[in-house]
Amino acid sequence: MAGCGWLGAAVARACLGRGDRVTAVRRDPSRAEALRALGAEPLALDLAEPGSAERLPPGIEAMVACQAAGAEGVELYRRAYLEANRTLVAAARRAGARAFVYTSSTGVFGQRDGGDVDEATAPAPAGAAAEVLLEAERLVLAASASRLRACVVRLSGLYGPGRAGILDRVRRGALALGPGDEAWMNFCHLDDAVSAVLAALGRGRPGGVYHATDAAPARRREVVEWIAARLGIPPPRSQGAAGAPGGANRRVLGDRTRAELGLALSYPSFREGLATLAGG
């Protein structure tokens, strides 16, 4: 398990719960004890460093790449997503691993027209960082030309226990009504993201691209008004040009993923997922 942060630790916990042995890789050695407490074997390692593939344990049967850059910046993205995945793919091939899942992002879709994007839609990166994400996807998918069954799971906006900042953004007015209200927002609860990753690990086809996203993309106005009502506050309104249109605006669909992998969502929309986090 590479990148045992919030999502990676949740995937590791699910794997351990079904009896798998998990090596949990993180750059930061201070997290070792927390990972050991889960039942994983921690390994402090910067996967972008030369020679790091040789430090990964032999006998790897499957690999999940959940690493994150930790901060913005094209060079950081290249290290975290491209160079790290290059290391992981090389190690997986050397070990004769059967499966490889890379958790990418629906951020590879920079479309701004409000249209639908699904697993077959051509990505349209809107910036250098998104270009790196797409390059990393291509690196992983190309590995399926060998005996390694490699696939990609693109994640929509993740939230869940320990990551519900969208509630505070509405409370503070950082996410508010105003210009851009009709833009689509796309979400995926942590539990459903874990289910998608495990399903891809067990049943994903070589070269498969999957979407971990809920079944109900929502307009920003709808999200802000629902959260404000749940919090018992008036919907905040933006001042001036803040939040004006210009960013990505697309409905991310995952129907093909759910059908192919046999997934049933625990949280079909943001309402079910945020209700418990907002005290409902």
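This report concerns the structure included in the present document. (Residues numbered from 1 in each chain as written. Predicted model: local features only at pLDDT ≥ 70, side-chain atom pairs only at ≥ 80, totals over all residues. Heavy atoms only, no water.)

**Some details on the overall build of the protein chain**
Part 1 of the reasoning: Across its full length, the protein chain holds 9 helices and 12 strands.
Part 2 of the reasoning: Against the 2.2 N^0.38 benchmark of 19 Å for 280 residues, the protein chain shows a C-alpha radius of gyration of 19 Å, consistent with a compact globule.
Part 3 of the reasoning: Expressed as a percentage of its 280 residues, the buried residues of the protein chain come to 49%.
Part 4 of the reasoning: Residue pairs in contact within the protein chain that sit at least 24 positions apart in sequence constitute 76% of those at least 6 positions apart.
Part 5 of the reasoning: Surface summary for the protein chain: the accessible area is close to 12400 Å², and the carbon and sulfur share equals 51%.
Part 6 of the reasoning: Positive and negative charge centroids in the protein chain, built from 35 and 29 side chains respectively, lie 2 Å apart. (Helix = DSSP H or I, 4+ residues; strand = E, 2+ residues; numbered from the N terminus. Rg over C-alpha atoms; globule rule 2.2 N^0.38 Å. Buried < 20%, exposed > 50% of the residue type's maximum accessible area, 1.4 Å probe, protein only. Contact = heavy atoms within 4.5 Å. Areas by Shrake-Rupley, 256 points an atom, 1.4 Å probe, with all protein chains shown as cover. Lys, Arg positive; Asp, Glu negative; His and termini not counted. Charge placed at Lys NZ, Arg CZ, Asp CG, Glu CD.)

**As for the sheet that holds strand S10 (residues 209-212)**
Part 1 of the reasoning: With parallel pairing, the 4 strands of this open sheet are ordered in space as S3-S4-S6-S10. The sheet terminates laterally at strand S3 (62-65) and S10, the two strands that pair on one side only. Within this sheet the neighbouring strands show an average axis-to-axis angle of 20 degrees, counted without direction.
Part 2 of the reasoning: Alignment of S3 against strand S4 (residues 99-105), held across 4 bridges, turns out to be parallel. Paired with Ala 65 across the bridge in S4 is Tyr 102.
Part 3 of the reasoning: Strands S4, strand S6 (149-155) and S10 of the sheet are contacted by helix H4 (residues 128-142), whose axis makes an angle of about 165 degrees with S4. (Pairing = 2+ DSSP bridges. Axes fitted to C-alpha atoms, helices over the stretch in contact; angles between N-to-C directions.)

**Focus on the packing of aromatic side chains**
Part 1 of the reasoning: Scanning all chains against the criterion turns up 4 aromatic pairs.
Part 2 of the reasoning: Residues Tyr 77 and Tyr 81 carry aromatic rings whose centres are separated by 5.1 Å and whose planes lie at 65 degrees to one another, so their mutual orientation is edge-to-face. Taken together, the residues Tyr 77 and Tyr 81, both in helix H3 (residues 74-95) and 4 residues apart, mark about one turn of the helix.
Part 3 of the reasoning: Here Tyr 77 falls in the buried class, since its relative accessible area comes to 12%.
Part 4 of the reasoning: The class of Tyr 81 is buried, set by a relative accessible area of 10%.
Part 5 of the reasoning: Measuring from ring centre to ring centre gives 6.1 Å for Tyr 159 and Phe 187, while their planes differ by 90 degrees; the resulting arrangement is edge-to-face. In this pair, Tyr 159 sits in strand S7 (residues 157-159) while Phe 187 sits in strand S9 (residues 187-189), placing the two residues 28 residues apart along the sequence.
Part 6 of the reasoning: Three or more aromatic residues joined by ring pairs make a cluster, and in this case those are Tyr 159, Phe 187, Trp 226 and Phe 270. (Phe/Tyr/Trp six-rings, centres within 6.5 Å; stacked < 30°, edge-to-face > 60°.)

**Quick word on the layout of surface pockets**
Part 1 of the reasoning: A volume near 640 Å³ is recorded for the second largest pocket.
Part 2 of the reasoning: Every residue lining the second largest pocket is counted, 22 residues in all, and those nearest its centre are Arg 21, Val 22, Thr 23, Glu 61 and Ala 62.
Part 3 of the reasoning: Elements with a minimum of two residues in the lining of the second largest pocket: strand S1 (23-26) and S3.
Part 4 of the reasoning: In terms of residue count, the dominant contributor to the lining of the second largest pocket is S3 (3 residues).
Part 5 of the reasoning: Taken together, the residues that form the lining of the second largest pocket break down as 14 nonpolar, 2 polar and 6 charged. (1 Å grid on protein atoms, 1.4 Å probe; cavity = no way out; pocket = protein on both sides within 12 Å on 5 of 7 lines; lining within 4 Å. Points joined across faces, edges and corners; volume = space filled by probe spheres on them. Nonpolar A, V, L, I, M, F, W, Y, C, P; charged D, E, K, R; others polar.)

**As for the pattern of salt bridges**
Part 1 of the reasoning: On inspection of all chains with the given rule, the structure shows 20 salt bridges.
Part 2 of the reasoning: A salt bridge links Glu 83 to Arg 86, with the nearest nitrogen and oxygen atoms 3.4 Å apart. In this pair, Glu 83 and Arg 86 both sit in helix H3, 3 residues apart, roughly one turn of the helix.
Part 3 of the reasoning: Glu 83 sits in the partly exposed class, given a relative accessible area of 27%.
Part 4 of the reasoning: Arg 86 sits in the partly exposed class, given a relative accessible area of 40%.
Part 5 of the reasoning: Here Arg 258 makes a salt bridge to Asp 255, at a shortest N to O gap of 3.6 Å. Residue Arg 258 and its partner Asp 255 are located together in helix H8 (residues 255-261), separated by 3 residues, close to a single helical turn.
Part 6 of the reasoning: The class of Arg 258 is buried, set by a relative accessible area of 14%.
Part 7 of the reasoning: On the accessibility criterion, Asp 255 (49% relative accessible area) is partly exposed. (Salt bridge = Lys/Arg side-chain N within 4 Å of Asp/Glu carboxyl O.)

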